[in-house]
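# Analysis of the macromolecular model
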Amino acid sequence: MALQALIETWKDAIYDPAFEMVEQWKEKTGRKAVGYFPVYSPVEILHAAGLLPVAIFGAGNRLEITNADSRFGSFICSIAKSTMELGLQHRLDLFSGMLFHSICDTARNLAFLFKRNFHPQLFVEYIHLPQNNSTDAAVDYLTSEYKRVAKNMADLAGREFRTENLEKSILLYNNNRRCMRRLYYALRSDAPHLLSTSDFYLLGRAGCILPPEEHSLIVSNVIEELSKNQSKTRDRIRVVLEGSFCEQPPLELLAVLEDAGCYVVNDDLLLGLRWFEQDLEFNHDPFRSLARSYLHDSCYSSVRHDCLTSRSDMLLEKVRKSRADAVIFCIAKFCEPAYFDYVLFKNKLDENNIPHLLVEFEEKMRTFEKARTEVETFVESILFD
């Protein structure tokens, strides 16, 4: 199947609120699936337990919110509301469980709203992530959390959890993240004209619903196919997209950025797919390796506490490594962690004379002309400076 036809197929599957692809996988394998909320979910543990981990990014603009508003206050991000709506409309009934973790107050409260509304039909697990990564005690603590989750997930799958299975799963996800790194650094950063931002996004997001071995094969084939492409670059600015680590912007907005004259050469979209920047190594205890890697080697974001390094400095390093001309902050409405960091990021970029622009989005965003005008003006101010 041609690349564009494949991408269209994934687009339908990725945004399908009925999760038919997951249902087909369950029928084919006879196994169970578990949904997980972004960002730092240990998918290796779910996979090793014999489950299919499926990222739940809400419902985008494919589902009207008719019930979930009654469970929240007014100023809550879209992803929380539409994820709740999926549950209330029984769209998540095919999942045996949902995994949440402590990335923000909204995610924490959503987990316990799920427990209140859907338990015991839906098993709900919650990981308390450490807030201080400067001590070995944090590694000990998170290792014990991961082992507790593994036991519960194995019980859910109806099988014994085997450490050797976790080692195999880590190797599979290492390979998958290696493919994604190739996609990002060898292709997207060096040749962003070969694949549109929205297609690039769909290619990555397919990995949130497919088993890792299947997604790795697809990404490898796409990289090989695109490497034969001889198309030329256009006169556009290179930008880093920042602030979309959890709720994902509408696909149409990503297309607007490119149409307005941007090559997105790096971003924090789908961060959970590639939260380790190098292969995860393990020796006698893969749980401890996972815990240590989260605390010391995972990608920064506004919802990962780090006492040792500055997130502003890491953004600056990302801009320099990507040879970007500017940063576009693409932040979900009511995302408090992203807006808290925006002030610090903005100051750091100003100090280093790096242009930046803020574009706010929400799932139900249906008109993009205001964003298009803002981005076009921003691009022209750089191109014709």
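Residues numbered from 1 in each chain as written. Predicted model: local features only at pLDDT ≥ 70, side-chain atom pairs only at ≥ 80, totals over all residues. Heavy atoms only, no water.

## Digging into the packing of helix 10 (residues 251-259) against helix 14 (residues 369-383)
- Following both chains from N to C, one finds helix 10 and helix 14 inclined at 30 degrees, their axes separated by 9 Å at the closest point. Accordingly, the angle class assigned to the pair helix 10 and helix 14 is roughly parallel. Considering only the axes of helix 10 and helix 14, their crossing is right-handed. For the pair formed by helix 10 and helix 14, the contact residues are Leu253, Val256, Leu257 and Asp259 on the first element and Ala371, Arg372 and Val375 on the second.
- Class assignment for the residues of the contact of helix 10 with helix 14 results in 5 nonpolar, no polar and 2 charged. (Axes fitted to C-alpha atoms, helices over the stretch in contact; angles between N-to-C directions. Helix = DSSP H or I, 4+ residues; strand = E, 2+ residues; numbered from the N terminus. Parallel < 35°, antiparallel > 145°, perpendicular 65-115°, else oblique. Left-handed = near helix turned anticlockwise from the far one by under 90°. Contact = heavy atoms within 4.5 Å. Nonpolar A, V, L, I, M, F, W, Y, C, P; charged D, E, K, R; others polar.)

## What to know about the sheet that holds strand 4 (residues 123-127)
- Pairing in this open sheet of 4 strands is parallel, and the strands run 2-1-3-4 from one edge to the other. Of all the strands in the sheet, just strand 2 (52-55) and strand 4 have a single pairing partner and so form its edges. Adjacent strand axes in the sheet meet at a mean angle of 25 degrees, parallel and antiparallel pairs treated alike. (Pairing = 2+ DSSP bridges.)

## Brief notes about helix 5 (residues 105-118)
- Relative to the 20 Å expected for 14 residues at 1.5 Å per residue, helix 5 spans 20 Å between its end C-alpha atoms, a close match to the ideal helical length.
- As for helix 5, its buried residues are in contact with helix 4 (78-88), strand 3 (97-101) and strand 4. (Expected span 1.5 Å × (residues − 1).)

## Some points on the nonpolar core
- Counting 145 residues, the largest nonpolar core has Phe95, Phe114 and Tyr146 as the members making the most contacts within it.
- Of the residues forming this core, the biggest block, 9 residues, is contributed by helix 6 (residues 136-157).
- If we ignore the near neighbours within four places in the chain, the residues touching Phe95 are Phe19, Val22, Ala33, Val34, Gly35, Val54, Ile56 and Leu122. (Core = buried A, V, L, I, M, F, W, Y, C linked by side-chain atoms within 4.5 Å. Buried < 20%, exposed > 50% of the residue type's maximum accessible area, 1.4 Å probe, protein only.)

## Description of the pattern of salt bridges
- Counting across every chain of the model gives 21 salt bridges.
- A salt bridge links Asp105 to Arg108, with the nearest nitrogen and oxygen atoms 3.7 Å apart. Placement of the pair is Asp105 and Arg108 together in helix 5, with a separation of 3 residues, close to one helical turn.
- Owing to a relative accessible area of 46%, Asp105 belongs among the partly exposed residues under this scheme.
- On the accessibility criterion, Arg108 (35% relative accessible area) is partly exposed.
- Residue Glu125 pairs with Arg148 through a salt bridge whose shortest N-O separation is 2.9 Å. Of this pair, Glu125 sits in strand 4 while Arg148 sits in helix 6, placing them 23 residues apart in sequence.
- Overall, Arg148 belongs to the partly exposed group, its relative accessible area being 30%.
- Sharing partners across several salt bridges, the network here consists of Glu125, Glu145 and Arg148. (Salt bridge = Lys/Arg side-chain N within 4 Å of Asp/Glu carboxyl O.)

## Description of the packing of helix 7 (residues 163-188) against helix 9 (residues 212-226)
- One can describe the packing of helix 7 onto helix 9 by two numbers: an axis separation of 9 Å at closest approach and a directional angle of 25 degrees. The angle between helix 7 and helix 9 places the two elements in the roughly parallel class. For the crossing formed where helix 7 meets helix 9, the hand is left-handed. On helix 9, the residues touching Leu172, Tyr173, Asn175, Asn176, Cys179, Met180, Arg182, Leu183 and Leu187 of helix 7 are Pro212, Glu213, His215, Ser216, Val219, Ser220, Ile223 and Leu226.
- Of the residues that constitute the contact of helix 7 with helix 9, the class distribution is 10 nonpolar, 5 polar and 2 charged.

## Description of the sheet that holds strand 5 (residues 237-242)
- Strand order in the open sheet formed by 4 strands is 6-5-7-8, and the pairing between neighbours is parallel. Unpaired on one side and paired on the other, strand 6 (262-267) and strand 8 (356-361) mark the two borders of the sheet. Between one strand axis and the next, the sheet turns by 30 degrees as a mean value, whatever way the strands run.
- In the sheet, strand 5 pairs with strand 7 (residues 326-332) via 4 bridges, with the strands oriented parallel. Bridge pairing in strand 7 places Val240 opposite Val327.
- Strands strand 5, strand 7 and strand 8 of the sheet are contacted by helix 13 (residues 336-351), whose axis makes an angle of about 170 degrees with strand 7.
- Relative to the sheet, helix 14 contacts strand 5, strand 6, strand 7 and strand 8, its axis offset from that of strand 8 by approximately 170 degrees.

## So, helix 8 (residues 197-205)
- Helix 8 sits mainly inside the fold: 9 of its 9 residues count as buried.
- Of the positions making up helix 8, those classed as buried are Thr197, Ser198, Asp199, Phe200, Tyr201, Leu202, Leu203, Gly204 and Arg205.
- The inward-facing, buried residues of helix 8 abut helix 1 (3-14), helix 7, helix 9, helix 10 and strand 6.

## A short note on the packing of aromatic side chains
- Summed over all chains, the structure comprises 11 aromatic pairs.
- Geometrically, the ring pair formed by Phe112 and Tyr126 is tilted, given 5.2 Å between the ring centres and 50 degrees between the ring planes. Here the residue Phe112 occupies a position in helix 5, and Tyr126 occupies one in strand 4, the gap between them amounting to 14 residues.
- For Phe112, a relative accessible area of 39% gives the class partly exposed.
- Aromatic rings pair up to connect Phe37, Phe100, Phe114 and Phe118 into one cluster.
- The residue whose ring lies beneath Arg304 is Tyr294, and the NZ or CZ to ring-centre distance is 5.9 Å. (Phe/Tyr/Trp six-rings, centres within 6.5 Å; stacked < 30°, edge-to-face > 60°. Lys NZ or Arg CZ within 6 Å of the ring centre and 35° of its normal.)

## With respect to the environment of Leu195
- Relative to the elements of secondary structure, Leu195 occurs in the loop between helix 7 and helix 8.
- Owing to a relative accessible area of 10%, Leu195 belongs among the buried residues under this scheme.
- Beyond its immediate sequence surroundings of up to four residues, Leu195 is in contact with Leu3, Ile7, Phe200, Leu203 and Leu226.

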